[in-house]
Amino acid sequence: MRVALSVGIIATVIALVVFTANWHLFDYLGQPLPGYQLLLWPGNLSLVYLWHPIFTEELAFWPKLALLLFGQFVIVAAMTMTIGTILIKLRRRYQR
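Residues numbered from 1 in each chain as written. Predicted model: local features only at pLDDT ≥ 70, side-chain atom pairs only at ≥ 80, totals over all residues. Heavy atoms only, no water.

A. Structural view of a nonpolar patch on the surface. There is a patch of nonpolar side chains on the surface, built from Trp41, Met79, Ile83, Ile86, Leu87, Leu90 and Tyr94 and spanning about 740 Å² of accessible area. Among the structural elements, leucine 87 can be located in helix α4 (residues 61-95). (Patch = residues over 30% accessible without salt bridge, like charges linked within 9 Å, V, L, I, M, F, W, Y side chains within 5 Å. Areas by Shrake-Rupley, 256 points an atom, 1.4 Å probe, with all protein chains shown as cover. Salt bridge = Lys/Arg side-chain N within 4 Å of Asp/Glu carboxyl O. Helix = DSSP H or I, 4+ residues; strand = E, 2+ residues; numbered from the N terminus.)

As structure tokens, then:
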């Protein structure tokens, strides 16, 4: 549980840094930062499939950023917890 929460927090901080850098450098580069879609994939996934059906009208910038970061944290922490649980069960099974 502690590892999953730590990985979720790290992924959220990385997402915030990448989002901020992309926001400020988009006009200069003329395109998103390389790796932007990959690094923010969990957060964007939550925006498209979870939050968009609930909030159909356009949201302001700050609430949308908060939803993106919350989705990033939850999805990454849940995936880490799931993979960790599977690895622990496999290790116990094959150590016998």
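B. Broad picture of the nonpolar core. Membership of the largest hydrophobic core is limited to twelve residues, which are Ala15, Val18, Phe19, Leu33, Tyr36, Leu40, Leu47, Trp51, Leu65, Leu67, Leu68 and Leu69. Of all elements in the fold, only α1 (2-29), α3 (41-54) and α4 reach the threshold of two or more residues within this core. In terms of residue count, α4 provides more of this core than any other element does, four residues in total. Other than its neighbours up to four places away in sequence, leucine 68 contacts Phe19, Leu40, Gly43, Asn44 and Leu47. (Core = buried A, V, L, I, M, F, W, Y, C linked by side-chain atoms within 4.5 Å. Buried < 20%, exposed > 50% of the residue type's maximum accessible area, 1.4 Å probe, protein only. Contact = heavy atoms within 4.5 Å.)

C. Quick peek at the packing of α3 against α4. Where α3 meets α4, the closest approach of the two axes is 7 Å, and the angle between their N-to-C directions is 110°. Considered as vectors, α3 and α4 are oriented roughly perpendicular to each other. Touching Pro42, Gly43, Asn44, Leu45, Ser46, Leu47 and Trp51 of α3 are Lys64, Leu67, Leu68, Phe70, Gly71, Gln72, Ile75 and Val76, all from α4. (Axes fitted to C-alpha atoms, helices over the stretch in contact; angles between N-to-C directions. Parallel < 35°, antiparallel > 145°, perpendicular 65-115°, else oblique.)

D. Highlighting the packing of aromatic side chains. Taken as a whole and assessed by the stated rule, the structure comprises five aromatic pairs. Aromatic side chains phenylalanine 19 and tryptophan 23 sit 6.2 Å apart centroid to centroid with 20° between the ring planes, which places their arrangement in the stacked category. Of the two residues, phenylalanine 19 and tryptophan 23 are both situated in helix α1; the distance of four residues between them amounts to about one turn of the helix. Tryptophan 23 sits in the exposed class, given a relative accessible area of 53%. On the numbers, 4.7 Å between centres and 45° between planes, the contact of tryptophan 23 with phenylalanine 61 is tilted. With tryptophan 23 in helix α1 and phenylalanine 61 in helix α4, this residue pair connects regions lying 38 residues apart in the sequence. Here phenylalanine 61 falls in the partly exposed class, since its relative accessible area comes to 30%. Through a chain of ring-to-ring contacts, three or more aromatic side chains come together here, namely Phe19, Trp23, Phe61 and Trp62. (Phe/Tyr/Trp six-rings, centres within 6.5 Å; stacked < 30°, edge-to-face > 60°.)

E. Structural detail: α1. The end-to-end C-alpha separation of α1 is 38 Å, in line with the 40 Å expected for 28 residues at 1.5 Å each. Where α1 bends most, the angle comes to about 40°, and this point is tryptophan 23. Ala4, Gly8, Ala11, Thr12, Ala15, Val18, Phe19 and Asn22 are the residues of α1 that are buried. (Expected span 1.5 Å × (residues − 1). Bend = angle between axes of the 7 residues up to and from the residue.)

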